[in-house]
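# What the coordinates show
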Amino acid sequence: MRIGTGFDVHAFGEGDSVILGGVRIPHMRGLIAHSDGDVLIHALCDALLGALALGDIGKHFPPGDPRWKGVDSRELLRAVVAMLCERGWRVVNVDSVVMCERPKLLPHIEAMRACLAADMAVSADVVSVKATTTEKLGFTGREEGIAAQAVVLLERIGSAA
Ligand code: MG
């Protein structure tokens, strides 16, 4: 078994929606990013890579690389999961938390779990997505941005390809 952790932040900017866990959520602002700014998927990718000490998302998908401009982060997640599979590992479970005051995430949690589970080829019942505010404290509390944290457990299913 291997465990990994990931964390990500994006600042609010121009826009009318945010994308979290692969789900577009209407909001009065968007998230500034080279990609689609999906902090939850970015934290999850870092956790998956971290479990196998494979570096971070910036190493595999450099933000300066035009190939990744505006990329759907779900593509990145699928690519990371493919990397783990090639090395003979599978996802046991994921736990995660998204931190923001707004938008309210509760109505979107199930859709996020379904998206993430589909991209990792696991059942939604091993994918936990939680939401919290930070009681109006800090940058998330001031609604300057959104933060996300993820933890994953991997299990070896075979020898490395
Ligand atoms: Mg990011």
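Check the entry above for the structure.
Okay, so let's go over this structure. In this convention, every chain numbers its residues from 1, walking through the sequence in written order. Whole-chain, interface and lining totals are the exception, using all residues; otherwise, since this is a predicted model, local features are given only for residues with pLDDT of at least 70 and side-chain atom pairs are given and counted only at 80 or more. With hydrogens and water stripped out, all remaining heavy atoms of the structure feed into the side-chain values.

What follows deals with the pattern of salt bridges. Opposite charge on two side chains allows them to pair when their charged atoms are near. Whenever a carboxyl oxygen of Asp or Glu lies within 4 Å of a side-chain nitrogen of Lys or Arg, that contact is scored as a salt bridge. For the structure shown, the criterion picks out 10 salt bridges. Two residues, Arg113 and Glu110, come together in a salt bridge whose shortest N-O distance is 2.9 Å. Here Glu110 and Arg113 lie together in helix α4 (residues 109-120), a separation of three residues that amounts to about one turn. Note on classification: 1.4 Å probe, protein chains only; a residue is buried when its accessible area is under 20% of the maximum for its type, exposed when over 50%, partly exposed between these limits. Classification of Arg113 as buried rests on a relative accessible area of 18%. Beyond isolated ion pairs, a larger network of salt bridges with shared partners links Arg29, Arg102 and Glu143. Helix and strand definitions follow DSSP, with helices as H or I runs of at least four residues and strands as E runs of at least two, each counted in order from the N terminus.

Here the focus is the coordination of the magnesium ion. Donor atoms are limited to N, O and S found within 2.8 Å of the metal ion, a distance that becomes 3.2 Å for Na, K and Ca. With water left out, some sites might look partial. The protein atoms donating to the magnesium ion are Asp8 (OD), His10 (NE2) and His42 (ND1), with metal-donor distances spanning 2.2 to 2.3 Å. All donors of the magnesium ion come from a single chain, and their spacing in sequence reads D-x1-H-x31-H. Pair noted here: Asp8 is in strand β1 (residues 2-13) and His42 is in helix α1 (residues 39-51), with a separation of 34 residues, a long-range link. For the pair formed by Asp8 and His42, the shared burial category is buried.

By this rule, a helix spans an expected 1.5 Å times one less than how many residues it contains. Between its first and last C-alpha, α1 extends 18 Å over 13 residues, near the 18 Å set by a 1.5 Å rise per residue. Counting buried positions along α1 gives 12 out of 13 residues, so the element sits mostly inside the fold. Among all positions in α1, only Val39, Leu40, Ile41, His42, Ala43, Leu44, Cys45, Asp46, Ala47, Leu48, Leu49 and Ala51 are buried. Once α1 ends, the next one or two residues include Ala53, with phi positive near 55 degrees.

Before going further, it helps to examine the environment of Ala118. Tracing the chain through its elements places Ala118 in helix α4. Relative accessible area serves as the criterion here: at 54%, Ala118 is assigned to the exposed category.

Once that is clear, we can look at α4. Here α4 is 12 residues long and its end C-alpha atoms lie 16 Å apart, about the 16 Å a rise of 1.5 Å per residue gives. When α4 is considered as a whole, its buried residues turn out to be Ile109, Met112, Arg113, Cys115, Leu116, Ala117, Asp119 and Met120. Just downstream of α4 lies Ala121, where phi reads positive at about 55 degrees.

For the rest of this paragraph, the subject is the packing of helix α3 (residues 73-86) against α4. To define axes, lines are fitted to C-alpha atoms, for helices over the stretch in contact only, and angles between the resulting N-to-C directions are given on a 0 to 180 degree scale. Running from amino to carboxyl end, α3 crosses α4 at an angle of 40 degrees, the nearest separation of the two axes being 8 Å. It follows that α3 is oblique to α4 by the angle criterion. Seen from α3, the contacting residues are Arg74, Leu77, Arg78 and Val81; seen from α4, they are Cys115, Leu116, Ala118, Asp119 and Met120. Amino acids outside the nonpolar list (Ala, Val, Leu, Ile, Met, Phe, Trp, Tyr, Cys, Pro) and the charged list (Asp, Glu, Lys, Arg) are all regarded as polar, and Gly is one of them. Of the residues contributing to the contact of α3 with α4, the split by class is six nonpolar, no polar and three charged. Working rule for angles: under 35 degrees goes down as roughly parallel, over 145 as roughly antiparallel, 65 to 115 as roughly perpendicular, anything else as oblique. Note on definitions: a residue-residue contact is assigned when non-hydrogen atoms from the two residues lie within 4.5 Å.

Let's shift gears to the sheet that holds β1. Whether two strands pair comes down to DSSP finding at least two bridges between them. Read from one edge to the other, the open sheet built from five strands follows the order β4-β1-β7-β5-β6, with strand pairing classed as mixed. Where the open sheet ends on each side, the last strands, each with one partner, are β4 (30-31) and β6 (127-132). As paired elements, strand β5 (residues 89-99) and strand β7 (residues 145-156) share 10 bridges and run antiparallel to each other. Counted as the bridge partner of Trp89 is Arg156 from β7. Each of β1, β5, β6 and β7 is contacted by α1, which is oriented at about 155 degrees to β1, the strand it contacts most.

For the pair α1 and α3, interaxial distance at closest approach is 10 Å and the crossing angle is 10 degrees. Considered as vectors, α1 and α3 are oriented roughly parallel to each other. Mapping the contact onto sequence places Ile41, His42, Leu44, Cys45, Leu48 and Leu49 in α1 and Ser73, Arg74, Leu76, Leu77, Val80, Val81, Met83 and Leu84 in α3. Per-class residue counts for the contact of α1 with α3 are 11 nonpolar, two polar and one charged.

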